[in-house]
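Residue-level structural notes
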Amino acid sequence: MSAASVAAVAAEAKTNGHHNGSDRVEDLKIAIIGQSNFAAEVLEVLLERHHMVVGVFTIADKGSREDVLATTARQYGIPVFKVAAWRRKGVPIPEVLEKYQSVGANLNVLPFCSQFIPMEVIDGAKFGSICYHPSILPRHRGASAISWTLIEGDDTAGFSIFWADDGLDTGPILLQKQCPVVGDDTLDTLYKRFLYPEGVTSMAEAVDAIAEGTAPKIPQTEIGATYDPALFREENQYINLNQPALKIFNFIRGLDSVPGALAIIEEEDGSESPVRLHGASLCGPAALENARPVRFKGAAGPAFVDREGIFITGVDGRLVKVKRLKKGSKMIQASQWFAQVGKKIVPLELNEREQEMEGILKNIWKSILKVDIESDTDFFACGAGSMDVVRLVEEVKDALEVPLENEHLFMAPSFVEFLNEVISRTRNGAGEASVGPAYDGVVLRENKKVISVPTQMFVNGQFIDAENKKTLDIVNPTTEQVICKVAAASASDVDNAIRCAHEAFKGSWNQVSARERGLLMYKLADLMEQHKEELATIESIDSGAVYTLALKTHVGMSIDAWRYYAGWADKIEGSTIPVNPAKPNNVLTFTKREPIGVCGLITPWNYPLMMLSWKMAACIAAGNTVVIKPAQVCPLTALKFAELTVKAGFPAGVINVVTGSGSITGQAISEHPLVRKLGFTGSTPIGKKIMAACAESNIKKCSMELGGKSPLVIFADCDLDKAVRLGMSSVFFNKGENCIAAGRLFVEDAIHDEFVRKVVKNIKTMAIGDPLNRGTAHGPQNHKAHMDKLIEYCEIGVKEGAKLVYGGKRVPNKKGFFFEPTVFTDVEDRMFIAKEESFGPIMVISKFHSSDFDALVQRANSTEYGLASGVFTKDIRKALLFAEKVEAGTVFVNTYNKTDVAAPFGGFKQSGFGKDLGKEALNEYLKTKCVTIEY
């Protein structure tokens, strides 16, 4: 039954007489038996679908840690029973059976269960027991079905939901679904891509079918049935290397990442090292440069280590490349095998401060592992799991302010290795600071950090004061207090910065190759990664961005942009063009893509660092130099970024940051004759003024990302809960200070009232407050003038007759520029709020009737803006027609705000022209030269 829906299976079952009932059965009382995140999600989906769960039976606690299923059930007030074992000597334990019977369940649901459940329980529910199994039964019965699907080279994977009986995965089928196995699938990817998400949904579908009396019971055939060995037994994890390369590859990926295919490497001294193989790929004949042979026990064919990994030869002569090895609990790059062999861990000599750090680290390890910590204590050998890794990394970062990631622990799992890693990183950090530029600045003591931030402008590799030491106040929108004063550049200061950029373009930057340019950008991205928490903290204080969002999006996507364009730096190419020859001679015509020169960038205040990165990364990758003016009200992350460019090794003059007002500093950049390209993000009225200045000065090349009034259309056939969640995100994301925010929602009349009700209900649960608080969902607006504008916007909406359902005012009795998330309904096309952008957390909703699709699209297009748009519907025809007809540079279908550094971003009409992001953005910062040679 491939890709079978419940309805299709039910229809077949009725035809064959395998029906569980003719009409809806009595109300279900469900017992969930199992464990893991999978089971927890099944529980939540069943509750969302209004099924009654009367009890949860899960495994006993491991130490002090309970299974997530127990934690989730308790949150919903569902009785939880933790069972260490259901049977003793093959006989059900009476007190456990009594606990099960006490909940009165009439259906057992087993999403994932590692325990043996007695038949007294399986048959004890009136409607039986259903189980999830990750294969297309009857193939791959047993506990390791996903692995064997890959090991056997199956083209198709899938899962079965079946009625439990007294056999091993032999019960009648209720539902099956399948997906193709792709070439790079591993156990992990197959599970995460299909078996987990589709499995959760299908378990709920199966329960729905039982509740409706339409669930089939289709007997399993024994034709093609297989019973596979359990791979949780170590003796079954050893790989046979004397077989074709494809079989070797399939075995490795079938056990990747847990537990990992097991092999034995024979050392040069005769000793043996068990290792687990990860990250396998099939490859053709390889030119192995400086490869060293390595011997796998029992393998007839040769194996080699080179800079790409370990290459294992199958009996057919083909090669399998392995990227990573796990030795004990430590994961290493396979290419580093010989560097690791025999490598002794030498403890560092610690100074007094570092000895204090050692004591702090020991206490953190002890609090997590509950054992005394010695130098050779292995974190994972002590039973630590993935959540312990996260806890350790976060506690160390908080206690010692050391930039760490989870992989640092995987690479250094013993205490002495981890201590060496932490101490080395603190020492490197101290050394790094010494090569940074000197500056006057402000010290921020926030978010358990002490962060030094420049307050001078950055020109020609140095931080300098503005002319006459003129400054601007920078205000914290959360407290309304002045954070610091920053330089306010004059026209003369801008001229100096641009001339320095021009000299760098003609001189030092011209000597840097494209590949070297990319390496500098990678280094800068790495530094941003190391300082990401500092940057996110500054962004929160300076712009009001919620810290968690700043970390993930403001800073995270900035880092992604620099890495993405670093990869493009040495791949910018021209082309050869066939033209008519000048007989009797020949002609060669080719094009070159060249940098434009000095580029001016003017960026907005909603995403200070991200807007800088979106534009500047493409600009620098193309080989230009740059002068940027960040937003007047929040320039601090741009100045901290400038400090990192020095540490990354960028030559002086390549990147320059001039802070100040738009009317003086921004205007000076727009008018300067040495600036040949200007990139701007901001309002449409200001964009028009900048375009005029660019035209009148020297006809600069421009790219403009301007205002928006993006329509979001929600049809009645959508997934309503998803539409509510993403509809709210489309408006309230980043406090509504989002250029592609859905400025107007068109909601089909059939679901309009329910949509509004759900939105308002969810708004009431939004935590509004300090953006540095991890629980905050909605921070302050960026600055007071903007908040005042939002208040005026809402007053106009009410005056014109729109219905204010929620919000519309400043949050009462709260310091800071906090504005309530707002909802307007009954908005008519003629109204101001239907036509103009708020750039704030204001949801503007209009009804529509689905009978006239063309009229709906016409309403969506009846604006001078065309930045983004969205549609929610299950009808692919409607979605594609909307995408075809809507006048917007970006169209989201059943999602919103889903941007990526590889996807072009930009608008139509008065939302501007030109693109940020993706390959297309490079065109904004390049010029094409055509060369023709006669010979």
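Rules of the game
Position numbers for residues count from 1 along each chain, tracking the sequence in the order it is written. For this predicted model, a pLDDT threshold of at least 70 governs which residues receive local features, and a threshold of 80 or more governs which side-chain atom pairs are given and counted, while totals over whole chains, interfaces and linings are taken from all residues. Note that water and hydrogens are dropped before the side-chain values are worked out from all heavy atoms of the structure. UniProt positions are given in the numbering used here, feature names are shortened, and annotations may be inferred rather than shown by experiment. Counting from the N terminus, the helices are DSSP H or I runs at least four residues long and the strands are E runs at least two residues long. Throughout this description, buried means an accessible area under 20% of the type-specific maximum (1.4 Å probe, protein chains only), exposed means over 50%, and partly exposed covers the range between. Working rule for contacts: check all heavy atoms of both residues, and any pair within 4.5 Å makes them a contact. In these tables, accessible area is a Shrake-Rupley quantity obtained with a 1.4 Å probe, and a residue counts as shielded only by the protein chains included in the view. Working convention for charge: Lys and Arg count positive, Asp and Glu count negative, and His plus the chain ends are omitted. Every charge is mapped to an atom, namely NZ of Lys, CZ of Arg, CG of Asp or CD of Glu. Two strands qualify as a pair provided that DSSP identifies no fewer than 2 bridges between them. Interaxial angle, 0 to 180 degrees, is taken between N-to-C directions of lines fitted to C-alpha atoms, where a helix line uses only the stretch in contact.

Within an unreviewed UniProt entry, the label attached to the protein reads formyltetrahydrofolate dehydrogenase, and the organism entered is Culex quinquefasciatus. The record in UniProt for the protein states the following under Catalytic activity (unreviewed entry): "(6R)-10-formyltetrahydrofolate + NADP(+) + H2O = (6S)-5,6,7,8-tetrahydrofolate + CO2 + NADPH + H(+)".

1. Structural notes on the overall build of the protein
Counting its secondary structure elements, the protein contains 28 helices and 40 strands. If you line up the protein on its principal axes, its C-alpha atoms span 90 × 80 × 80 Å. Across the 935 residues in the protein, those meeting the buried criterion constitute 53%. Across the protein, contacts joining residues at least 24 apart in sequence account for 70% of those joining residues at least 6 apart. If you sum the accessible surface of the protein, you get close to 40400 Å²; carbon and sulfur atoms cover 51% of it. Of the charged side chains in the protein, 104 are positive and 114 negative; the average position of the first set lies 3 Å away from that of the second.

2. Brief notes about the sheet that holds strand 1 (residues 29–33)
On the basis of which strands lie adjacent, the open sheet formed by seven strands has the order 3-2-1-6-7-8-9 and mixed pairing. Looking along the sheet, the strands with just one partner apiece sit at the ends: strand 3 (80–83) and strand 9 (173–180). The average angle at which neighbouring strand axes cross in this sheet is 15 degrees, direction not considered. Taken together, the five bridges between strand 1 and strand 2 (residues 52–59) define a ladder with parallel strand orientation. Its bridge partner lying in strand 2, Ile-30 is registered against Val-53. Packing of helix 3 (residues 68–75) onto the sheet brings it into contact with strand 1, strand 2 and strand 3, and relative to strand 3 it is tilted by some 165 degrees.

3. Quick word on unusual backbone geometry
Cis geometry is adopted by the peptide bond preceding Pro-259, which originates at Val-258 and carries an omega value of 0 degrees. Relative to the helices and strands, Pro-259 is located in the loop between helix 8 (245–254) and strand 10 (261–266). Here Lys-583 and Pro-584 are connected by a cis peptide whose omega angle stands at 10 degrees. Here Pro-584 is to be found in the loop between strand 23 (576–577) and strand 24 (587–595). Of note, the phi angle at Asn-447 is positive, near 60 degrees, even though the residue is not glycine. Counting through the fold element by element, Asn-447 comes out in the loop between strand 17 (441–446) and strand 18 (449–454). For Asn-447, a relative accessible area of 15% corresponds to the buried category. With a phi close to 50 degrees, Ile-699 is a non-glycine residue in the positive phi region.

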